[in-house]
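An overview of the molecular structure
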Amino acid sequence: AQSVTQLGSHVSVSEGALVLLRCNYSSSVPPYLFWYVQYPNQGLQLLLKYTTGATLVKGINGFEAEFKKSETSFHLTKPSAHMSDAAEYFCALPMDTGRRALTFGSGTRLQVQP
Amino acid sequence: NAGVTQTPKFQVLKTGQSMTLQCAQDMNHNSMYWYRQDPGMGLRLIYYSASEGTTDKGEVPNGYNVSRLNKREFSLRLESAAPSQTSVYFCASKGQSSYNEQFFGPGTRLTVL
């Protein structure tokens with residue numbers, strides 16, 4: 001079965017510091033991987049996705065993620081945190097080989113300290 | 001385009017009451033989904049509809065029913081609400097390709113007393 005593990009339910013960084021949010025996956029087929037962001041009291045919006053091709057994927061708001069098959073990882077990074085990045089972040093992949101629905105990680109809440 | 005819309009935004013029910021959560025999308029997407037979000041558990045799939053006229057159970061379907069009314073609309077019904085159904089409910093839709101991401105509505109915050 002497909003699964004996603006996000007290490008660290010809470011991450012706190014200082015403004016201007018590197019952001020690193022970890023995601024590891026288990027998949028029986030070549031995975032498609034997604035990162036979503038949820039701002040307080042809002043729905044989820046897509047940050048970036050990996051389907052095929054280039055393993056370093058750039059998303060919105062300066063975020064990027066690298067697909068590493070050997071490590072079964074898809075960690076999300078941003079070189080310099082901004083106060084507006086404070087949100088909850090979810091990693092996801094299709095829940096079965098039909099790729100019809102997604103299974104989500106448990107989420108990582110990012111705090112940015114001034 | 002409004003994207004994915006959900007009504008109501010908030011609802012308080014008493015145990016045993018019933019209600020229907022409404023969802024509509026204007027992106028001509030084939031697939032639609034209902035998730036619930038609980039603290040520390042991410043989003044869990046309740047039901048989904050791969051196309052008009054079809055529905056399938058997700059991870060946590062017990063206590064819920066769905067209707068894919070037409071291509072645009074996908075409703076979620078709680079026949080007899082229980083406190084364990086207190087949650088935030090999200091509807092989402094997705095285009096035909098497997099590459100496509102899901103688009104989410106703003107959510108319905110439901111409390112069952």
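Please refer to the structure higher up on the page.
Here goes a summary of the coordinates provided. (Residues numbered from 1 in each chain as written. Chains lettered and ligands numbered in written order. Predicted model: local features only at pLDDT ≥ 70, side-chain atom pairs only at ≥ 80, totals over all residues. Heavy atoms only, no water.)

1. As for the overall build of chain B
Stated formally: Counting from the N terminus, the helices are DSSP H or I runs at least four residues long and the strands are E runs at least two residues long. Burial classes: relative accessible area under 20% of the type maximum marks a residue as buried, over 50% as exposed, and values in between as partly exposed (1.4 Å probe, protein chains only). Two residues form a contact once any of their heavy atoms are found within 4.5 Å.
Along chain B, the regular secondary structure elements total 0 helices and 11 strands. Secondary structure elements of chain B, listed N to C terminal, follow the sequence β-β-β-β-β-β-β-β-β-β-β. Counting every position in chain B, which comprises 113 residues, the buried fraction comes to 48%. Considering only contacts within chain B whose residues lie at least 6 apart along the sequence, 55% involve residues at least 24 apart.

2. Focus on the pattern of salt bridges
Operational definition: Salt-bridge detection follows one rule: a side-chain nitrogen of Lys or Arg within 4 Å of a carboxyl oxygen of Asp or Glu.
This model, assessed by the stated rule, comprises 7 salt bridges over all chains. Note that E88 of chain A is salt-bridged to R109 of chain A, the shortest N-O span being 3.0 Å. Here the residue E88 of chain A occupies a position in strand β9 (residues 87-94), and R109 of chain A occupies one in strand β11 (residues 108-113), the gap between them amounting to 21 residues. Among the charged side chains, a salt-bridge network with shared partners connects R36, D38 and R44 of chain B.

3. Some thoughts on the interface of chain B and chain A
A common way to state how big an interface is: give the accessible area lost once the parts meet. Stated formally: Buried area is calculated as the accessible area (1.4 Å probe) missing from two parts once they are joined, with the contributions of both summed. For this analysis, a polar contact is any N or O atom pair within 3.5 Å, provided that within protein one partner can donate a hydrogen and the other can accept it, and provided that sequence-adjacent residues contribute only side-chain to side-chain pairs.
Between chain B and chain A, the contact holds 21 residues from the first and 22 residues from the second. Summing the contributions of chain B and of chain A, the shared interface buries around 1800 Å²; its carbon and sulfur component is 56%. At the junction of chain B with chain A, the criterion picks out 1 salt bridge. In this structure, the salt-bridge partner of K49 of chain A is E101 of chain B, at a minimum N-O distance of 3.0 Å. Here chain B and chain A share 4 residue pairs in polar contact (both at pLDDT 80 or more) between them.

4. Re the sheet that holds strand β7 (residues 64-68) of chain B
Within a sheet, each strand pairs with its neighbour through backbone hydrogen bonds, oriented either parallel or antiparallel. All names here are of chain B. What counts, and what does not: Pairing between strands is defined by DSSP: at least two bridges between the two strands are required. In this analysis an axis means a line fitted to C-alpha atoms, helices contributing only their contacting stretch, and an angle means the value between N-to-C directions, from 0 to 180 degrees.
Strand order across the open sheet formed by 4 strands is β1-β3-β8-β7, with antiparallel pairing between neighbours. A strand with exactly one partner marks an edge of an open sheet, and here the two such strands are β1 (4-7) and β7. With strand direction ignored, the average angle separating the axes of adjacent strands in the sheet is 20°.

5. Here we look at the state of the cysteines
Residues and elements named next belong to chain B. Convention followed: In this description, the term disulfide denotes a pair of cysteine sulfurs within 2.5 Å.
One pass over the full model with this rule turns up 2 disulfides over all chains. Across the disulfide, C23 is cross-linked to C91 (sulfur-sulfur distance 1.9 Å). Judged by the sign of its S-S torsion, about -75°, the bond between C23 and C91 is left-handed. Taken together, the positions of C23 in strand β3 (residues 19-25) and C91 in strand β9 (residues 87-94) put the pair 68 residues apart, joining distant regions of the chain. Take C23: its relative accessible area is 3%, and that puts it in the buried class.

6. So, the pairing of strand β5 (residues 44-50) of chain A
Residues and elements named next belong to chain A. Within β5, 5 of the 7 residues are buried, which leaves it mostly tucked inside the rest of the structure. The pairing of strand β4 (residues 33-38) with β5 spans 6 bridges and is classified as antiparallel. The residue bridging V37 from the neighbouring strand is Q45, located in β5. Linkage of β4 to β5, two consecutive antiparallel strands, is achieved through a turn of 5 residues, within which N41 is found at a positive phi near 60°.

7. Some thoughts on the packing of aromatic side chains
Using the following cut-off: The pairing test for Phe, Tyr and Trp rings, Trp by its six-membered ring, is centres within 6.5 Å, and the orientation test on the planes gives stacked under 30 degrees, edge-to-face over 60, and tilted for anything in between.
Counted under the stated rule, the structure contains 14 aromatic pairs over all chains. Measuring from centroid to centroid gives 5.5 Å for F63 of chain A and Y89 of chain A, while their planes differ by 45°, and the two rings are tilted. Taken as a pair, F63 of chain A in the loop between β6 (56-58) and β7 (64-68) and Y89 of chain A in strand β9 lie far apart in primary sequence, 26 residues in all. Note on F63 of chain A: relative accessible area 2%, which makes it buried. Geometrically, the ring pair formed by F104 of chain A and F104 of chain B is edge-to-face, given 6.1 Å between the ring centres and 75° between the ring planes. You can see F104 of chain A sitting in strand β10 (residues 102-104) and its partner F104 of chain B sitting in strand β10 (residues 102-104), one on each of two chains. With respect to class, F104 of chain A is no different from F104 of chain B; both count as buried. By way of ring pairs, the aromatic residues F34, Y36, F90 and F104 of chain A together with Y33, Y35, Y48 and F104 of chain B are connected into one cluster.

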